[in-house]
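# Observations on the model geometry
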Amino acid sequence: MMEREHVRDILTGLAAQVVSSLSTTIPGVSCGFSLFRPKRSPAFGGSGALAFALNDMQDNLRQGPGMTAMAGQAPVLVGDLTNDCRWPVLTVAAAGMGITSVLAVPAPAEGGVSVILTLCGDRPDALSLDKIRAAEQLAGQAARTLRTALRVEELKDLAEDLQTALANNTVIDTALGVVMAQNHCGHDTAFDVLVRAADSRNTKVRDVAAAVVASVSAARFRSRQERIRQIQHRWAQFRAK
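Anyway, here's the lowdown on the structure attached to this text. Treat the numbers as computed from the prediction; the structure is a model and nothing was measured.

Thresholds, definitions, all that
- Counting of residues starts from 1 at the beginning of each chain's written sequence and follows it residue by residue.
- It should be noted that, the model being predicted, local features are given only for residues of pLDDT at least 70 and side-chain atom pairs only at 80 or more, the latter also being counted only at that level, while totals for whole chains, interfaces and linings use all residues.
- Hydrogens and water are ignored here; the side-chain numbers use all heavy atoms of the structure.
- We count a stretch as a helix when DSSP gives it H or I for four or more residues in a row; a strand needs E for two or more, and each element gets its number in order from the N terminus.
- Each residue's exposure class comes from its accessible area (1.4 Å probe, protein chains only) as a fraction of the maximum for that residue type: buried when under 20%, exposed when over 50%, partly exposed otherwise.
- Computed with the Shrake-Rupley method and a 1.4 Å probe, the accessible areas treat only the protein chains shown as cover for residues.
- Salt bridges, as used here, are contacts in which a Lys or Arg side-chain nitrogen is within 4 Å of a carboxyl oxygen on Asp or Glu.
- Aromatic pairing here means that ring centres of Phe, Tyr or Trp (its six-membered ring) are within 6.5 Å. Orientation follows from the plane angle: under 30 degrees is stacked, over 60 is edge-to-face, and everything else is tilted.
- Only buried residues count toward a nonpolar core. Its members are Ala, Val, Leu, Ile, Met, Phe, Trp, Tyr and Cys residues joined through side-chain atoms within 4.5 Å.
- Residues count as neighbours in contact if any of their non-hydrogen atoms are within 4.5 Å of one another.
- Strands qualify as paired when DSSP identifies two bridges or more between them.
- We call a pair of cysteine sulfur atoms a disulfide whenever their separation is within 2.5 Å.
- Here the arc refers to the set of directions running from the helix axis out to each C-beta atom.
- Detection works on a 1 Å grid of protein atoms alone, calling trapped sets that fit a 1.4 Å probe cavities and calling open sets with protein on both sides within 12 Å along at least five of seven lines pockets, with lining residues defined by an atom within 4 Å of a point.
- Grid points are joined across faces, edges and corners, and a volume is the space filled by probe spheres set on the points.
- Following the grouping adopted for this structure description, the nonpolar residues are Ala, Val, Leu, Ile, Met, Phe, Trp, Tyr, Cys and Pro, the charged ones are Asp, Glu, Lys and Arg, and the polar ones are all others, Gly among them.

## Section: the overall build of the protein chain
Per the secondary structure count, the protein chain includes 7 helices and 5 strands. Listed by position from the N terminus, the elements making up the protein chain come as α-β-β-α-α-β-α-β-β-α-α-α. By residue count, 38% of the 241 residues in the protein chain fall in the buried class. Of the roughly 14100 Å² of accessible surface on the protein chain, a fraction of 56% belongs to carbon and sulfur atoms.

Dropping the structure here:
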């Protein structure tokens with residue numbers, strides 16, 4: 001969940017930068033970035049109500065300029081969406097939301113990652129052919145920034161996975177030592193004991209190992225507490241003499 005929120009924040013920030021750079025030449029423009037990755041849910045971030053409205057409609061209807069741009073990996077320009085027959089269901093819904101002109105531009109796909117820049121205007125022909133080149137450059141720049149951020153996130157995830165793996169190995173190694181000491185057996189036999197216990201409980205070996213370590217820690221704590229009570233009792237007896 002945190003990773004998705006972080007990606008959405010990046011996309012929203014990129015969209016705000018695009019709107020800022022285009023607002024003087026295209027008044028009232030809205031911008032949205034859609035991110036598609038293998039084995040991940042699509043992510044979207046935008047700046048402006050029209051961009052969010054169009055994205056929601058495309059997600060629900062599974063049609064629209066952005067979908068067409070991604071499928072064909074080519075820009076899609078719509079001068080007047082209300083008169084465009086390529087997406088009949090979306091056209092009616094978009095008209096009711098005040099979306100009139102749309103420009104959807106895909107960034108070159110790389111490593112299975114696809115990025116679509118979508119610009120929305122509230123008047124016919126607000127987005128024209130001369131804006132395509134500028135939009136392509138913006139989409140490319142945004143895609144490079146986004147891919148760098150995603151690589152950083154992937155490295156962070158990898159580091160966390162390695163830390164988890166090391167922690168799991170430490171717990172398992174400790175549990176193996178306990179089983180070996182209690183059963184006077186070798187490493188392989190101790191590991192078989194953990195595996196059979198995990199299978200019988202329908203759980204992971206790591207969880208069984210953690211339970212073994214916890215039980216030993218608890219036993220040591222109880223033993224230590226009992227030792228303290230014995231010392232206190234003897235001291236009380238000594239003082240009473």
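## Here's the deal with the pattern of salt bridges
Using the criterion set out here, one finds 1 salt bridge in the structure. For R86, the salt bridge is made with D84, and the minimal N-O distance between the two is 2.8 Å. Under the relative-accessibility criterion, R86 is labelled partly exposed at 44%.

## Points about the packing of aromatic side chains
Taken as a whole and judged by the stated rule, the model has 1 aromatic pair. On the basis of an interplanar angle of 80° and a centroid distance of 5.4 Å, the ring pair of F44 and F52 is categorised as edge-to-face. We classify F44 as buried; its relative accessible area is 13%. By relative accessible area, F52 is classed as partly exposed at 36%.

## Structural notes on the nonpolar core
Grouped together as the largest cluster of nonpolar side chains are 29 residues, with contacts concentrated most on V18, C31, F33, L35, V115, L117 and L119. Every element with two or more residues in this core is listed here: α1 (2–22), β1 (30–36), β4 (101–110), β5 (113–121) and α5 (132–183). For L119, the contacting residues outside a window of four places in its chain are V18, L22, V29, S30, C31, S101, V102, L103, L127 and A135. M57, V78, W87 and I116 belong to the second-largest nonpolar core, a separate cluster that totals 16 residues.

## Some words on the pairing of β5
Extensive coverage of β5 is indicated by the burial of 9 of its 9 residues. For β1 and β5, the ladder comprises 7 bridges, and the chain directions are antiparallel. Pairing of G32 across the sheet is with T118, part of β5.

## Examining the state of the cysteines
Summed over all chains, the structure comprises 0 disulfides. Cysteine C31 remains unbridged, with the sulfur of C120 as its closest cysteine sulfur at 8.4 Å. We classify C31 as buried; its relative accessible area is 0%.

## Details of helix α4 (residues 88–97)
Turning to α4, its buried residues are L90, T91 and A94. Looking down the long axis of α4, one finds its buried residues gathered within 105° of arc, a one-sided arrangement. Residues of α4 that are exposed and point more than 90 degrees away from the buried face comprise P88, V92 and G96. Packing partners of the buried residues in α4 comprise α2 (49–61) and α3 (65–72).

## Description of unusual backbone geometry
Positioned with a positive phi, R62 is a non-glycine residue whose angle comes to about 55°. Structurally, R62 can be placed in the loop between α2 and α3.

## Here we look at the layout of surface pockets
For the largest pocket, the calculated volume is near 210 Å³. Lining of the largest pocket is provided by 17 residues; of these, S34, F36, F44, N55 and D59 occupy positions nearest its centre. Looking at the lining of the largest pocket, the elements with two or more residues in it are β1, β2 (43–47), α2, α3 and β5. Looking at the lining of the largest pocket residue by residue, the class counts come to 10 nonpolar, 6 polar and 1 charged.

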